[in-house]
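Coordinate analysis (summary)
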Amino acid sequence: MSPLSGTRGGPPREIETGSHPLRKKEERAADRRLSLGSVLALFLAVSHLAVAEPLQPIAVGPIGVTVSDMDRSLAFFHDILAFEKVADREFNDEAFDRLTGIFGARVRTADLRLGEETLRLTQYLTPQGRPIPVDSRSNDRWFQHIAIVVRDMDAAYARLRQYRVLPVSTAPQILPEWNKAAAGIRAFYFRDPDNHNLELISFPPGKGDPRWQKSTDTLFLGIDHTAIVVADTEASLRYYRDTAGFRMAGEGENFGPEQEHLNHVFGARVRITSLRAPKGPGIEFLEYLTPRDGRPFPAGTQPSDVVYWQTTIFVQSIAPVVRSPIDIATLPMGGRRAALVRDPDGHALLLTEP
């Protein structure tokens, strides 16, 4: 849930994408002796590279997530949340295999639009990945969600109840007046059919992007941000702000019964930091100051696993973050140059040139 929101807009033309887990540091030297095709799937740890100048982000988006049943997910996002399908593809591609590190993948992807933003669903028809851990909590570091802006929280909440959507929050929460940056923001966490976390959010006058305040009869307006749990805000700022070139748009600290009931984490005290590129949804850090028992990504997480999210970042050039030309992949759809990376907590990003 974001206390502030910056300038936004639609992303450039979209692409097919995927990724695979960050390999251990000691394996990289051996990887470089392999063929070009083998190393295209290498994840780069941008936070560990020496970069003369920050990247120049152009836009964020689309936000991607792996699903286990595409038709079921399409029905959920369209019928309940009013997303519109704008693309639906099925393919098997050797270059995509190299990019993701998953051999022989047959993949279906669908792009869904809400307002100016895009959500990309990916189903691995083969090989299929693992489901989300059943004991997942909002403070685990594999947590990521999208925040869907609504015109009327009560009406949106009633719609979720009508469709018997699984809640995370006990009910919509309104942030208290003492929290000046976020006072009056209402939010509610819930789950999709695969148990991914999603958020409804509504902004009172004077908060959030001005376009969320426009008069409209539309209930579901767009995606304000994607939120990720981080272990150390300062380490994540060095990665996203100092290396990736994002600007800070706001920060604050949320605690009390409203936050506990929103995240369904007893004793939650959360440091929240919002970052923005010139266009697209924001990226929001959630650092749980208490409790501190959030768990890291499950070992061996791959793009085919349903726990997997991926955020696309369009940048002027990916050259500053690569050690050599073989770290750059040409995407099989669209021909864009790209590098697949993990942030300090393991969240997947696709850096791609326009």
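Per chain, residues are indexed from 1 in the order of the written sequence. Totals for whole chains, interfaces and linings use all residues, but because this is a predicted model, local features are given only for residues with pLDDT of at least 70 and pairs of side-chain atoms are given and counted only at 80 or more. Computation of side-chain values covers all heavy atoms of the structure but excludes hydrogens and water.

**Some thoughts on the pairing of strand β3 (residues 106-114)**
Quick reminder of the rule: Here's how the labels work: a residue is buried when its accessible area is under 20% of the maximum for its type, exposed when over 50%, partly exposed in between, all with a 1.4 Å probe on protein chains only. Going along the chain from the N terminus, every DSSP run of H or I of four or more residues is numbered as a helix, and every run of E of two or more is numbered as a strand. A pair of strands is labelled paired if DSSP reports no fewer than 2 bridges between them.
Counted residue by residue, β3 has seven buried out of nine residues, so it is predominantly covered. Where strand β2 (residues 84-91) and β3 come together, seven bridges link them in antiparallel fashion. Looking at the pairing, E84 lines up with R113 of β3. With nine bridges connecting them, β3 and strand β4 (residues 117-126) associate as antiparallel partners. Paired with V107 across the strands is Y124, a residue of β4. Remark: two residues form the turn of the hairpin made by β3 and β4, two consecutive strands paired antiparallel; G115 in that turn has positive phi of roughly 65 degrees.

**Topic: the sheet that holds strand β8 (residues 197-202)**
Applied cut-off: Contacts are assigned to residue pairs that have any heavy atoms within 4.5 Å of one another. Here, axes are lines fitted to C-alpha atoms. For helices the fit covers the stretch in contact, and angles between N-to-C directions go from 0 to 180 degrees.
Reading across the sheet, the eight strands line up as β6-β7-β8-β5-β9-β12-β11-β10 and stay open at both edges, with mixed pairing between neighbours. Of all strands in the sheet, those with a lone pairing partner are β6 (173-174) and β10 (247-255), marking the two edges. Relative to strand β12 (residues 282-290), strand β11 (residues 269-276) is paired through seven bridges, and the arrangement is antiparallel. Along β12, the bridge assignment pairs S274 with E284. Sitting on the sheet, helix α5 (residues 153-162) is in contact with β5 (144-150), β7 (186-191), β8 and β9 (220-229), with an inclination near 15 degrees to β7. Of the strands in this sheet, β9, β10, β11 and β12 are in contact with helix α6 (residues 233-243), which crosses β11 at around 5 degrees.

**Side note on the nonpolar core**
Short version of the rule: Definition of nonpolar core: a set of buried residues of the types Ala, Val, Leu, Ile, Met, Phe, Trp, Tyr and Cys, connected through side-chain atoms within 4.5 Å.
By size, the foremost hydrophobic cluster in this structure holds 51 residues, and its most contacted members are L81, F83 and L200. When residues of this core are assigned to their parent elements, the largest contribution, five residues, is made by helix α3 (residues 70-80). Dropping the residues within four chain positions of it, L81 is found in contact with F76, L114, I148, L160, F190, L198 and F220. In terms of nonpolar packing, the next biggest core, distinct from the first, is built from 13 residues, V168, Y189, A268 and Y288 among them.

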